[in-house]
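Each chain, letter by letter, is given below.
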Amino acid sequence: GTVMSLADVTTQFLIEGKDSELFDARRTLRWTLAGMTLHGPYFFVGFSVLDKRFGPATSFMVVAQKTAAAQFILFPPYLAALFGLMGVLEQHPNIAEKVRTKIPEAFMSGCIYWPLANSINFALVPASLRVPYLATSAGIWNSYLSWENARDVREKI
């Protein structure tokens, strides 16, 4: 939850340029909840499964397999769950539409960002440093997701 909270706060202040009067604390709370109940558990289990399935990343082939599995097997259901959860928490009037419209752009952006981040993770990052590396990578990514999720709200203003 902490990584997603910090990512949303960073997005609101640094990317969206909000001041403290316009800061949306409820939005940050929603991202905190998503991090604690969805993101953290989902990827902890998901990457554990990848590690068991493919073993240590000792070759380019294993790195490529783990990266592809993360991108095309783990990532799409996560995006559906995330934008669905955000829709519920925001009391969005059409959650299915929100999920349908947000996933393609987020997935395509993720196809640029995550294969590089995961390749570095699987090939170069020792197991003892994976949590801080992935937390940093996820913080950057979650700032993007926070911005993307709030985009329809900004466009109405």
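Rules used throughout
- Numbering of residues starts from 1 in each chain and follows the order in which that chain's sequence is written.
- For this predicted model, a pLDDT threshold of at least 70 governs which residues receive local features, and a threshold of 80 or more governs which side-chain atom pairs are given and counted, while totals over whole chains, interfaces and linings are taken from all residues.
- Side-chain metrics in this entry use all non-hydrogen atoms of the structure; hydrogen atoms and water are not considered.
- Numbering of helices and strands runs from the N terminus, with a helix taken as a DSSP run of H or I at least four residues long and a strand as a DSSP run of E at least two residues long.
- The quantity called the radius of gyration is restricted to C-alpha atoms. Its globule counterpart is 2.2 Å times the number of residues to the power 0.38.
- Any residue under 20% of the maximum accessible area for its type is buried, any over 50% is exposed, and the rest in between are partly exposed; the area is computed with a 1.4 Å probe on protein chains only.
- A positive count includes Lys and Arg, and a negative count includes Asp and Glu. His and the chain ends are not counted in either.
- Note on charges: their place is set at NZ of Lys, CZ of Arg, CG of Asp or CD of Glu.
- Residues are treated as being in contact if the distance between any of their heavy atoms lies within 4.5 Å.
- Put simply, a nonpolar core is a bunch of buried Ala, Val, Leu, Ile, Met, Phe, Trp, Tyr and Cys residues held in one set by side-chain atoms that sit within 4.5 Å of each other.
- A side-chain nitrogen of Lys or Arg and a carboxyl oxygen of Asp or Glu constitute a salt bridge if their distance falls within 4 Å.
- Expected helix span is taken as 1.5 Å per residue step, with the number of steps being one fewer than the number of residues.
- Any N or O atom pair separated by 3.5 Å or less is treated as a polar contact, with the protein-specific requirement of one donor-capable and one acceptor-capable atom, and with residues adjacent in sequence counted only for side-chain atom pairs.

Draft legend 1. Structural detail: the overall build of the protein chain. Of the regular secondary structure elements, the protein chain holds five helices and zero strands. Relative to the globule expectation of 15 Å for 157 residues, the C-alpha radius of gyration of the protein chain, 16 Å, shows essentially globular dimensions. Projecting the C-alpha coordinates of the protein chain onto the three principal axes gives extents of approximately 50 × 30 × 25 Å. Looking at the 157 residues of the protein chain, the share that counts as buried comes to 41%. Across the protein chain, the centroid of the 14 positively charged side chains sits 8 Å from that of the 12 negatively charged ones.

Draft legend 2. Quick peek at the side chain of Arg 130. Its place among the elements puts Arg 130 in helix α5 (residues 130-156). Setting aside anything within four residues of it in sequence, one finds Arg 130 in contact with Asp 51, Asn 121, Phe 122 and Val 125.

Draft legend 3. Region of interest: the nonpolar core. Within the largest apolar cluster, 28 residues are counted, with the highest numbers of intra-cluster contacts made by Leu 50, Phe 75, Tyr 78, Leu 79, Leu 82, Trp 114 and Leu 145. Sorting elements by how many residues they give to this core places helix α3 (residues 60-90) first, with 10 residues. Not counting the four nearest positions on each side in its chain, Tyr 78 is found in contact with Met 4, Leu 38, His 39, Tyr 42, Phe 43, Asn 142 and Leu 145.

Draft legend 4. Layout of the pattern of salt bridges. Considering all chains together, one arrives at 11 salt bridges under this definition. A salt bridge links Arg 30 to Asp 24; the shortest N-O distance between them is 4.0 Å. According to the relative accessible area criterion, Arg 30 is buried, its value standing at 19%. Glu 90 is the partner of Lys 98 in a salt bridge, and the nearest nitrogen-oxygen pair spans 3.0 Å. By relative accessible area, Glu 90 is classed as partly exposed at 24%. Look at the salt bridges and you will find they share partners, linking Asp 8, Glu 16, Lys 18 and Arg 27 into a network.

Draft legend 5. Quick look at helix α2 (residues 25-54). When the terminal C-alpha atoms of α2 are compared, their 41 Å separation across 30 residues agrees well with the 44 Å that a helix rising 1.5 Å per residue should span. For α2, the capping residue at the N-terminal end is Asp 24, with a side-chain oxygen 3.2 Å from the backbone nitrogen of Arg 26.

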